[in-house]
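Listed here are the chains, written in short residue letters.
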Number of protein chains: 2
Amino acid sequence: MRHENLPLLRALWRLVAACATTLLLASSVMAQADPLPSWNGGAAKSRVVAFVRAVTTEGSKDYVPPAERIAVFDNDGTLWAEQPMYVQLAFALDRVDALAPKHPDWKRKQPFRAAMSRDMKTLGEQGEKGLLELVMATHAGMTPEEFHAVVREWLATAQHPRFGRPYTETAFQPMLELLAYLRANGFKTYIVSGGGVEFMRVFAEKVYGVPPEQVIGSSIKTKYEVRRGVPTLVRLPEIDFIDDKAGKPVGIHKFIGKRPIAAFGNSDGDFEMLEYVSAAPGATLAMIVHHDDADREYAYDRKSAFGRLDRALDQAGKRGWTVISMKDDWRQVFPPTK
Amino acid sequence: MRHENLPLLRALWRLVAACATTLLLASSVMAQADPLPSWNGGAAKSRVVAFVRAVTTEGSKDYVPPAERIAVFDNDGTLWAEQPMYVQLAFALDRVDALAPKHPDWKRKQPFRAAMSRDMKTLGEQGEKGLLELVMATHAGMTPEEFHAVVREWLATAQHPRFGRPYTETAFQPMLELLAYLRANGFKTYIVSGGGVEFMRVFAEKVYGVPPEQVIGSSIKTKYEVRRGVPTLVRLPEIDFIDDKAGKPVGIHKFIGKRPIAAFGNSDGDFEMLEYVSAAPGATLAMIVHHDDADREYAYDRKSAFGRLDRALDQAGKRGWTVISMKDDWRQVFPPTK
């Protein structure tokens, strides 16, 4: 530090301190605006607001310092629509069609055979593992950059079959507001999904405001190599990690290394994540998006795309988890079309 | 937004705008102070400053938006001393002693036999894999929280045998300044080390200002379970990921999902990381800490704790990587003792 700067710095410091006070006042006025306008008043909304107030109020017994304010969100069915099928499955099916000419054996081999004929019943019977096999097999053999380009191109043109809008616009408006509200209150928001991490990383920042390094998902292995003089990674057709069920707390620990204090899910695949987060010391928030709105989205209740919502729903009351009724708690489901 | 607040908000907004100008002025004055006082003037320091200026100057051809400003640092030998042995190895050896009464077979089994007799030559011959086996075996069978407590307790009392100070104070002062300087310029700083991630997560935030979620390292598997009603993770004696050599770019991709633009290492174990980062489009910075200072630290030159520094040193010039001479480039090696 040059000494001749010190008096100037002191004067500046006083100004900065005054500014900080002003900013605090401004933010307190701003806070009076409803940060969750797409949520109807009710237990779910009140629970969110009370939790955020409790953990952000210095001096309160539930106060949590910003570095520990971690919130984790399942993706499919929690942040965006998962019906009539996982978006990544729709992508994989289109990708199977595109790659099929190079793989004549797929006609005789599950889950590819079912994929090519859009035989969703047989595909469903392959379970999450078969599904991931399909997804991974159609996603490998290229660099992450090449894969991102394929996904980006697909997302730019593909449309949700019922809502007639890009999949990226089937994100739930109330959840987008919730993500933003938590971040405005010092939370770091993560996606923790059974879906493929590289698929989600393409759109998570733009759609959810969640950067690539805060997306946790299932993955295939990658290998480092220098290809024709260019150092790169190559995606291998081999599963590395399944970020589902008991894998979710494992993934959270692996990637974040601290226990989150808020978790959001919509199926029994999220049960362990909700359970793990709820067991954190201090105040926690665990919520389940319940699909009970046939008019505006879907009402599949205790079914999920490839699983169930039984255990989590049955135990929600006892465990203090809040069930969000899409029908009653959400004023609006989707964002305005762009 | 409530309408009656609008005039107040407008007034506040003008104040905030004035504050922003003041803050900019303050930061510009601050910028005149040397952010790297422990670095001697010379090629290495100039390279760092020129790089940071280039990527942070809006409108410059090398400008990089803040979200893409990722810097990755090896730990052992790059951020802190790795001689006479890896700090984590010193921890593991003490841990072997503590656990030995429960493991009578260790007396007849490598690498434990060598560990217990501090036979460093034989231990070295077990290679990185043997070393990790030792580390992992002594680190498993407990929850992450329990492991953190053991490490924290050890770090509080263990001392570096030559420098007579806690290991956490053998961090290199110039690198601490470099970490802070990069962060002050919008960089997100990550550790990417062959060391165990949970070991580093205990002290990385306090010592380096790097939070747990920005520590990438080697890991053992964990398993989620509900133990006597308490949902928890348990560390398994099974290697999950080795974050070394070609594993470093793989780890970077897995955890960050973007290619960093700056990398710092000190051995051939960092070669692929330096190579991968240098191949990013646009301006990049790759630096190698060269241990050539027998008086103040160590002068092991082309040897590293369990590896070599040959390939990276030989190719540094050709590849535009900067070699940092600890002896010539650093005015001070360690921080003042606390």
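All figures in this text were calculated on a predicted structure; none of them were measured in a lab.

Chemist: An account of the overall build of chain A is needed here, citing residue identities and associated values.
Modeler: A tally of helices and strands in chain A yields 13 helices and 7 strands. Taken over C-alpha atoms, the radius of gyration comes to 22 Å for chain A, in line with the 20 Å a tight globule of 338 residues would show. C-alpha atoms of chain A, sized along the principal axes, occupy 75 × 55 × 40 Å. With the model as given, the accessible surface of chain A reaches about 14,400 Å², and the carbon-plus-sulfur share is 55%.

Chemist: Got a sec to walk through the sheet that holds strand S2 (residues 188-196) of chain B? Specific residues and values, please.
Modeler: Residues and elements named next belong to chain B. Within the open sheet, the 7 strands sit side by side as S4-S3-S2-S1-S5-S6-S7. Their pairing is mixed. Every other strand in the sheet has two partners, leaving strand S4 (230-241) and strand S7 (322-325) as the edge strands with one partner each. With strand direction ignored, the average angle separating the axes of adjacent strands in the sheet is 35 degrees. Against the sheet, helix H9 (residues 197-208) makes contact with S2, strand S3 (215-227) and S4, and its axis sits at roughly 145 degrees relative to S2, the strand it touches most.

Chemist: I'd like a description of the packing of helix H2 (residues 43-56) of chain A against helix H8 (residues 173-184) of chain A, backed by residues and values.
Modeler: All names here are of chain A. Between H2 and H8, whose axes approach to 11 Å, the crossing angle comes to 15 degrees. With respect to their mutual orientation, H2 and H8 come out roughly parallel. Seen along the crossing, H2 lies across H8 with a hand that is right-handed. For the pair H2 and H8, the contacting residues are Val-48, Val-49 and Val-52 in the first and Leu-178, Tyr-181 and Leu-182 in the second.

Chemist: Kindly report on unusual backbone geometry, identifying the contributing residues and their values.
Modeler: A cis amide bond links A:Gln83 to the next residue, A:Pro84, at an omega of 5 degrees. Mapped onto the elements, A:Pro84 comes out in the loop between strand S1 (70-73) and helix H3 (87-99). In the Ramachandran plot, B:Arg118 falls in the positive-phi region, its phi being about 50 degrees despite a non-glycine side chain. For B:Arg118, a relative accessible area of 31% gives the class partly exposed. Non-glycine residue B:Lys245 carries a positive phi angle of around 50 degrees. Looking at where B:Lys245 falls in the secondary structure, it is placed in the loop between S4 and helix H10 (247-255).

About the thresholds
Residues numbered from 1 in each chain as written. Chains lettered and ligands numbered in written order. Predicted model: local features only at pLDDT ≥ 70, side-chain atom pairs only at ≥ 80, totals over all residues. Heavy atoms only, no water. Helix = DSSP H or I, 4+ residues; strand = E, 2+ residues; numbered from the N terminus. Rg over C-alpha atoms; globule rule 2.2 N^0.38 Å. Areas by Shrake-Rupley, 256 points an atom, 1.4 Å probe, with all protein chains shown as cover. Pairing = 2+ DSSP bridges. Axes fitted to C-alpha atoms, helices over the stretch in contact; angles between N-to-C directions. Contact = heavy atoms within 4.5 Å. Parallel < 35°, antiparallel > 145°, perpendicular 65-115°, else oblique. Left-handed = near helix turned anticlockwise from the far one by under 90°. Buried < 20%, exposed > 50% of the residue type's maximum accessible area, 1.4 Å probe, protein only.

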